[in-house]
Amino acid sequence: MATCFYSPDEQEAIRRSRQIDKQLQQERRSLKQEIKILLLGAGESGKSTFIKQMRILHGSDYSEADRLDFRHTIYHNMLKGTKILVEARRRLQIPLQNSKNQENGKAISSYHREGELSDEDFQPYVTPLDELWKDAGIQSTVKRSNEFQLGDSLTYFMKNIQRVGLLGYLPSREDVLHSRKATRGIHEYNIDIRGVPFRFVDVGGQRSQRQKWFQCFDEVTSILFLISSSAYDQTLLEDRVTNRLVESVNIFDTIVNNRCFRQVSIILFFNKTDLLIDKIKEKSIKDYFPEFPGNPRKLGDVQDFLVSMFNSVRQDKTQEMYRHFTTATDTGNIKVVFNIVKDTILTKHIQDIMQI
Ligand SMILES: Nc1nc2c(ncn2[C@@H]2O[C@H](COP(=O)(O)OP(=O)(O)OP(=O)(O)O)[C@@H](O)[C@H]2O)c(=O)[nH]1
Ligand SMILES: [Mg+2]
């Protein structure tokens, strides 16, 4: 086009307009590329639960048949969890309130995972489980659960035993979100969100699983790093000695300061806020981290401290530290948080592509 017929101002306007067109074209091309989101964090921090939420919110939601598949895992979570409590109560020498629960304890301890449990198979366990859970001795043991290894989902399922223990029980979405099965290996989920293809990569967070992490470090757009914020009084399942929060900070240190991720937006999810709210009423974080400067009963003070622990290991502080306080089992919460996160990821992604 002969630009000499245009005034300098008009020529400048045309140039700018062409530049914007070009950017838009690039942007569209970049958005057609996959957005790869890697979920990292220690075991039980909530990575797989977050992926379940993505499926509920943006993917193919869990059908009745899909939810039925979780039934066995839920029964197993309840039986194994209660078995651990029965054993811990004995070891900690906490007396039972009702001596009848000796027999109930034996009935639950006889459970060994053998094949899938049907709703009928589960029936003989329902009353023993319920009676044990109501025993003051077992409840005192639950309060000391940081002295042994108890999963976070047991309380939720035991509170729902009247429903979960019925013949013909069909797990709800919330039950699916609370069910626990440790991840082994690497699992990828492709989900289209408003025309943008996202690939979520879920890995196992336990120590034995972490040597596999580097296999998925290529072409990462963003890392969601999950932290179990209520775990400040707990030790690691893997060695029963290391504090879970300390382990989590150490893992974050290796990720955030890794040269592979210099251009990658890393977003922290301080997860399990619901459990943290309950935990600070019972246990002072100061007993585990004497350097804690605030009021241990104040949620904001505890969260600020957690954030500062993670921030302190970052070598390059010129990059912004994105962080959110989440409850991965709460669909409403994850919907709001992920909307913000998605915008952060896409904006940063487009900026990076524009610089190329
Ligand atoms: N109450 C509550 N429970 C949660 C939350 N997030 C996860 N959980 C539960 O914590 C347990 C562990 O969650 P997962 O999603 O399996 O943890 P993960 O990070 O995938 O663990 P690995 O696969 O071992 O690395 C499950 O029983 C979840 O239901 C939360 O915010 N609140
Ligand atoms: Mg997992």
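Definitions and cut-offs
The numbering scheme is per chain: residues are counted from 1 as the chain's sequence reads. By the order in which they are written, chains take letters starting at A while ligands take numbers starting at 1. Whole-chain, interface and lining totals are the exception, using all residues; otherwise, since this is a predicted model, local features are given only for residues with pLDDT of at least 70 and side-chain atom pairs are given and counted only at 80 or more. Values reported for side chains reflect all heavy atoms of the structure, with hydrogen atoms and water molecules removed beforehand. Only DSSP runs of H or I with at least four residues qualify as helices, and only runs of E with at least two residues qualify as strands; both kinds are numbered from the N terminus onward. Relative accessibility decides the category of a residue: with a 1.4 Å probe and only protein chains considered, values under 20% of the type maximum give buried, values over 50% give exposed, and everything between is partly exposed. Note on definitions: a residue-residue contact is assigned when non-hydrogen atoms from the two residues lie within 4.5 Å. Each accessible area is a Shrake-Rupley estimate made with a 1.4 Å probe; only the visible protein chains count as cover when residues are assessed. The sign given to each residue is positive for Lys and Arg and negative for Asp and Glu; His and the chain ends receive no count. One atom stands in for each charge, and that atom is NZ of Lys, CZ of Arg, CG of Asp or CD of Glu. A molecule or strand has a residue near it when one of that residue's heavy atoms lies within 4 Å. Distance and chemistry together define a polar contact, namely a pair of N or O atoms within 3.5 Å, with one atom able to donate a hydrogen and the other to accept it when in protein, and with adjacent residues in sequence counting only for side-chain atoms on both sides. Sodium, potassium and calcium take a 3.2 Å donor cutoff, other metals 2.8 Å, and in both cases only N, O and S atoms count; water is not among them, so sites may look incomplete. In plain words, nonpolar cores are sets of buried Ala, Val, Leu, Ile, Met, Phe, Trp, Tyr and Cys residues tied together by side-chain atoms within 4.5 Å. We call a pair of cysteine sulfur atoms a disulfide whenever their separation is within 2.5 Å. With axes taken as lines fitted to C-alpha atoms, and helix axes fitted only over the stretch in contact, angles between N-to-C directions fall between 0 and 180 degrees. Our angle categories are set so that under 35 degrees counts as roughly parallel, over 145 as roughly antiparallel, 65 to 115 as roughly perpendicular, and the remainder as oblique. Note that domain bounds follow an automatic or database assignment of domains. Buried surface area refers to the total accessible area, computed with a probe of radius 1.4 Å, that the two partners give up upon joining, counted for both partners together. Any Lys or Arg side-chain nitrogen found within 4 Å of a carboxyl oxygen on Asp or Glu counts as a salt bridge.

**Q** How should I be thinking about the overall build of the chain in this particular structure?
**A** When its secondary structure is counted, the chain shows 15 helices and six strands. In terms of overall dimensions, the chain has C-alpha extents of about 100 × 50 × 35 Å along its principal axes. Counting the 356 residues in the chain, one finds 48% classified as buried. Long-range contacts, defined here as pairs at least 24 residues apart, represent 74% of the contacts in the chain between residues at least 6 apart. For the chain, the exposed surface amounts to about 18,500 Å²; the carbon and sulfur share of it is 49%. Mean positive and mean negative side-chain charge positions of the chain (52 and 47 charges, respectively) differ by 2 Å.

**Q** Could you clarify how one ought to interpret the site of ligand 1 in this entry?
**A** Around ligand 1, the structure places 24 residues, and the nearest of them are Lys47, Thr49, Leu177, Arg180 and Gly205. Take Gly46: an N or O atom from its main chain is 3.0 Å from an oxygen atom of ligand 1. Within the contact set of ligand 1, an oxygen atom lies 2.9 Å away from a backbone nitrogen or oxygen of Ala328. When ligand 1 is considered free in solution it has 660 Å² of accessible area, and contact with the protein chains removes 98% of it. Those elements that provide at least two residues to the shell around ligand 1 are α2 (47-58), α10 (173-178) and α13 (273-282).

**Q** For this particular structure, what's the right way to read the coordination of the magnesium ion (ligand 2)?
**A** Binding of the magnesium ion (ligand 2) to the protein goes through Ser48 (OG) and Thr183 (OG1), at separations of 2.1 Å. Of this pair, Ser48 sits in helix α2 while Thr183 sits in the loop between α10 and β2 (186-193), placing them 135 residues apart in sequence. A residue is classified by how much of its surface remains accessible, and Ser48, at 24% relative accessible area, is partly exposed. According to the relative accessible area criterion, Thr183 is buried, its value standing at 13%.

**Q** Before we go on, may I ask you to explain the nonpolar core in this structure?
**A** Considering soluble globular proteins, one finds that nonpolar side chains tend to be buried as a cluster. The biggest cluster of nonpolar side chains holds 37 residues, and the ones touching the most others in it are Ile223, Phe225, Ile255 and Phe310. Of all elements in the fold, only β1 (35-41), β3 (196-203), β4 (222-228), α12 (244-256), β5 (265-271), α13 and α14 (299-312) reach the threshold of two or more residues within this core. If we ignore the near neighbours within four places in the chain, the residues touching Ile255 are Leu40, Trp213, Phe217, Ile223, Phe225, Phe261 and Ile266. The next biggest cluster of nonpolar side chains, apart from the first, holds 35 residues, and it includes Leu79, Leu150, Tyr169 and Leu177.

**Q** Just to check I follow, could you spell out the state of the cysteines for this structure?
**A** Applying the stated criterion across every chain, the model contains zero disulfides. Summary of cysteine pairing: Cys216 is not part of a disulfide, and the nearest cysteine sulfur, belonging to Cys260, is at 11 Å. You can call Cys216 buried: its relative accessible area is 5%.

**Q** Would you mind going over the packing of helix α6 (residues 119-134) against helix α7 (residues 136-143) with me for this structure?
**A** Across the interface, α6 lies against α7 with an axial gap of 5 Å and an inter-helix angle of 70 degrees. With respect to α7, the element α6 is oriented roughly perpendicular. Residues Leu132, Trp133 and Lys134 of α6 touch α7, and the partners they reach there are Ala136, Ile138, Gln139 and Val142.

**Q** Quick question: what am I supposed to make of the domain arrangement of the chain here?
**A** Frequently, the measure chosen for interface size is the accessible area that the parts lose on association. One can read the domain layout of the chain as domain 1 (38-62 + 183-346) and domain 2 (71-170). In this structure, domain 1 and domain 2 have C-alpha centres spaced 29 Å apart. Both faces considered, domain 1 and domain 2 share a buried interface measuring about 700 Å² in area, 33% of it formed by carbon and sulfur atoms. Connecting domain 1 to domain 2 are one salt bridge. With a shortest N-O distance of 2.6 Å, Asp152 and Lys272 are connected by a salt bridge. Taken together, the links from domain 1 to domain 2 amount to seven residue pairs in polar contact (both at pLDDT 80 or more).

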